[in-house]
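Here is how the chains run, residue by residue.
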Amino acid sequence: MSHHPLWTLATIFTLALGSLSAQAKYNGEDRGRPVMPAQNNAKWQAECSSCHLAFPPGLLPAASWQKMMGELDQHFGTDASLSAADTTEITNYLVKHASNRWTANTAPLKITESGWYTSKHRAKEIDPAVWKRASVKSRSNCIACHRDADKGEFDEDTVRIPK
Ligand code: HEC
Ligand code: HEC
């Protein structure tokens, strides 16, 4: 006996609802952990670590990296532009290893404004005064608390907030 069409519809509806609530976790950004790819890129390491940590590619979706790399001359108020060849090589590296779990339909440029970042760094867990400490300086200064952030290690077990 084949399934009644209404029963099938109800099943599809329930399944759809289930995946909706899973996605709602971080405002629709189900990005998982920022794992460092096994393959490094020397250009990315050299050029993207002079002003801040070379943020692991898995911290942003591909569309974000593409947008950011297309406007390096206006990079958060600074000029971080590179040669066309270096820009292409670094863009390809970032896009290849970008977060494939971030389903937000925007291309956010700030990791620190994402829903998952906000939810992992709530005032309940981290006193707001911490962000103003000289040892921390900024929300994007991951390595102040995540000592192995340059190796893509962000596990909450290894985190230590500096005095
Ligand atoms: C000339 C200095 C400079 C260079 C070089 C540079 N950046 Fe930045 N970057 C900045 C500044 C300044 C900010 C803003 C930091 C803040 O608001 O805390 C920033 C922020 C970022 C952020 C957002 C961090 C957040 O707040 O969530 C990302 C991602 C980023 N940069 C990626 C890159 C990549 C990729 C490269 C290499 C192509 C690069 N940057 C090279 C200066 C630089
Ligand atoms: C002021 C210190 C501090 C800074 C700076 C900071 N974090 Fe965190 N982060 C924490 C703490 C504390 C936790 C654990 C929160 C908890 O217990 O739920 C955490 C948790 C996380 C987690 C979840 C880890 C897990 O095991 O679930 C990720 C991912 C993460 N941070 C990424 C980042 C990134 C990326 C940056 C920089 C853009 C950053 N953090 C900057 C303190 C910091």
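Scroll up for the structure.
Bear in mind that the values here come from a model prediction, so they are computed numbers and not experimental data.

(A) Local environment of the coordination of the iron atom of ligand 2. Taken together, His121 (NE2) and His146 (NE2) make up the full set of protein donors to the iron atom of ligand 2, lying 2.0 Å away. Around the iron atom of ligand 2, the 6 donor atoms are arranged such that angles at the metal cover 89 to 180°; this shape is classified as octahedral. Residue His121 is found in the segment after α5 (115-120), and its partner His146 is found in the segment after α5; the two are separated by 25 residues along the sequence. For His121, a relative accessible area of 15% translates into the label buried. Given the relative accessible area of 11%, His146 is considered buried.

(B) Structural detail: the site of ligand 1. If you check the shell around ligand 1, you find 21 residues, and the closest are Cys48, Cys51, His52, His75 and Ser140. Take His75: an N or O atom from its side chain is 2.8 Å from a nitrogen atom of ligand 1. The separation between an oxygen atom of ligand 1 and a polar main-chain atom of Ile111 is 2.7 Å. Ranked by the residues each element gives to the shell around ligand 1, the list is headed by helix α3 (residues 62-69), at 3 residues.

(C) Spotlight on the coordination of the iron atom of ligand 1. Within the protein, the iron atom of ligand 1 binds to His52 (NE2) and His75 (NE2); these donor distances fall in the range 2.0 Å. Every donor counted, the 6 donor atoms about the iron atom of ligand 1 form angles of 87 to 179° at the centre, which fits octahedral coordination. Taken together, the positions of His52 in the loop between α2 (42-47) and α3 and His75 in the loop between α3 and α4 (84-96) put the pair 23 residues apart, joining distant regions of the chain.

(D) Seen up close, a negative patch on the surface. A contiguous patch of negative charge on the surface is contributed by Glu125, Glu153, Glu156 and Asp157. Positionally, Glu125 belongs in the segment after α5.

(E) View of the site of ligand 2. Near ligand 2 there are 23 residues, and of these His121, Cys142, Cys145, His146 and Glu156 occur at the shortest range. Taken together, the residues of the shell around ligand 2 break down into 12 nonpolar, 5 polar and 6 charged.

(F) Local environment of the nonpolar core. Membership of the largest hydrophobic core comes to 25 residues, with the highest contact counts inside it found for Trp44, Phe55, Trp65, Leu94 and Ile111. Within the residue set of this core, elements represented by two or more residues are α3, α4 and α5.

(G) A look at α3. Among the residues of α3, Ser64, Trp65, Met68 and Met69 are the ones counted as buried. One face of α3 carries all of its buried residues, which in axial projection span an arc of 120°. Buried residues along α3 sit in contact with α4.

Definitions and limits used
- Residues numbered from 1 in each chain as written.
- Chains lettered and ligands numbered in written order.
- Predicted model: local features only at pLDDT ≥ 70, side-chain atom pairs only at ≥ 80, totals over all residues.
- Heavy atoms only, no water.
- Donors = N, O, S within 2.8 Å, 3.2 Å for Na, K, Ca; no water.
- Tetrahedral: all angles 85-135°; square planar, octahedral: opposite > 155°, others 65-115°.
- Helix = DSSP H or I, 4+ residues; strand = E, 2+ residues; numbered from the N terminus.
- Buried < 20%, exposed > 50% of the residue type's maximum accessible area, 1.4 Å probe, protein only.
- Near = heavy atom within 4 Å.
- Polar contact = N/O pair within 3.5 Å; in protein donor to acceptor, adjacent residues only side chain to side chain.
- Patch = residues over 30% accessible without salt bridge, like charges linked within 9 Å, V, L, I, M, F, W, Y side chains within 5 Å.
- Areas by Shrake-Rupley, 256 points an atom, 1.4 Å probe, with all protein chains shown as cover.
- Salt bridge = Lys/Arg side-chain N within 4 Å of Asp/Glu carboxyl O.
- Lys, Arg positive; Asp, Glu negative; His and termini not counted.
- Charge placed at Lys NZ, Arg CZ, Asp CG, Glu CD.
- Nonpolar A, V, L, I, M, F, W, Y, C, P; charged D, E, K, R; others polar.
- Core = buried A, V, L, I, M, F, W, Y, C linked by side-chain atoms within 4.5 Å.
- Arc of directions from axis to C-beta.
- Contact = heavy atoms within 4.5 Å.

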